[in-house]
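Structural overview
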Amino acid sequence: MKVSFDLDEVLFVNPDGFETEPELRFPFNRMFPERLRKGTVYLIKELQKRGFEVWVYTSSFRTDVYIKALFRHYNIHFDDIVNGYRHKAEVQGDRAITLPQKMPSHYRISLHIDDEDAIIQNGKKYGFRVMRVCEPDDEWAEKILAEAERIRKLEEAQQGGR
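For every chain, the first residue of its written sequence is number 1, and the numbers climb from 1 along that sequence. Only residues with pLDDT of 70 or above have their local features reported here, since the model is predicted, and side-chain atom pairs are shown and tallied only from 80 upward, although totals for entire chains, interfaces and linings are computed over all residues. The side-chain values count all of the structure's non-hydrogen atoms but skip hydrogen atoms and water molecules.

Looking now at the pattern of salt bridges. Any carboxyl oxygen of Asp or Glu within 4 Å of a side-chain nitrogen of Lys or Arg constitutes a salt bridge here. As enumerated under the stated definition, the model contains 15 salt bridges in all. Between Glu46 and Arg50 there is a salt bridge, and its shortest N-O distance comes to 2.8 Å. Between Glu149 and Arg152 there is a salt bridge, with its nearest N and O atoms 3.0 Å apart. One end of the pair, Glu149, and the other, Arg152, are both in helix 6 (residues 140-160), three residues apart, so they sit about a helical turn from each other. One exposure class covers both Glu149 and Arg152, and it is buried. It is possible to trace a salt-bridge network through shared partners that takes in Glu46, Lys49, Arg50, Glu149 and Arg152. Helix numbering and strand numbering both begin at the N terminus, where a helix is a DSSP run of H or I of at least 4 residues and a strand a DSSP run of E of at least 2. Partly exposed residues are those whose accessible area sits between 20% and 50% of the maximum for their type, while under 20% is buried and over 50% is exposed, using a 1.4 Å probe and protein chains only.

Right, let's talk about the sheet that holds strand 4 (residues 111-114) for a bit. Following DSSP output, two strands are said to pair if at least two bridges run between them. Strand order in this open sheet of five strands is 3-2-1-4-5, and the pairing throughout is parallel. Strand pairing shows two members of the sheet lacking a second neighbour, strand 3 (80-82) and strand 5 (130-132), which therefore form its edges. For this sheet, the mean angle separating the axes of adjacent strands, direction not counted, is 25°. Bridge count between strand 1 (residues 2-5) and strand 2 (residues 53-57): four bridges; the pairing is parallel. Note that in strand 2 the partner of Lys2 across the bridge is Glu53. The strands that helix 6 touches are strand 1, strand 4 and strand 5; relative to strand 4, the one it contacts most, it runs at about 155°. As a rule, the C-alpha atoms of each element are fitted with a line to give its axis, helices using only the stretch in contact, and angles between N-to-C directions run from 0 to 180 degrees. In what follows, residue pairs with any heavy atoms lying within 4.5 Å of each other are defined as contacts.

In structure tokens:
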């Protein structure tokens, strides 16, 4: 089962309003100014330990090289990365109608974590599961783990019924 995360306001947060992981040491803190929400390292490693694939699905145009390099400093490896460039090429393509900025179902992602209301609404409209995470919350990682496990059980039950 695949779980994906948006970056901005979900994993990358403003340290003025959120507790964050320790800042990278100089010079890496200049190369990678983003700050990770406290609990990100634990959450991603725990999801992977439990057998989930963990992806980044962002509408930002940060390169996958940049994203991989930043998270490597936290010993985090993502199973795959979808950025704005990849989404535009693989999802939107040459379609005449404009599709939403994220379509996790295109990549068979079972649960997407995002902060934007528009993505939540698109999940209802286009039939993909999305969990909203935006406010400071000391239990955000545990809530995501619980939701991922709940969805895994649902999917296993659906597959068992086929």
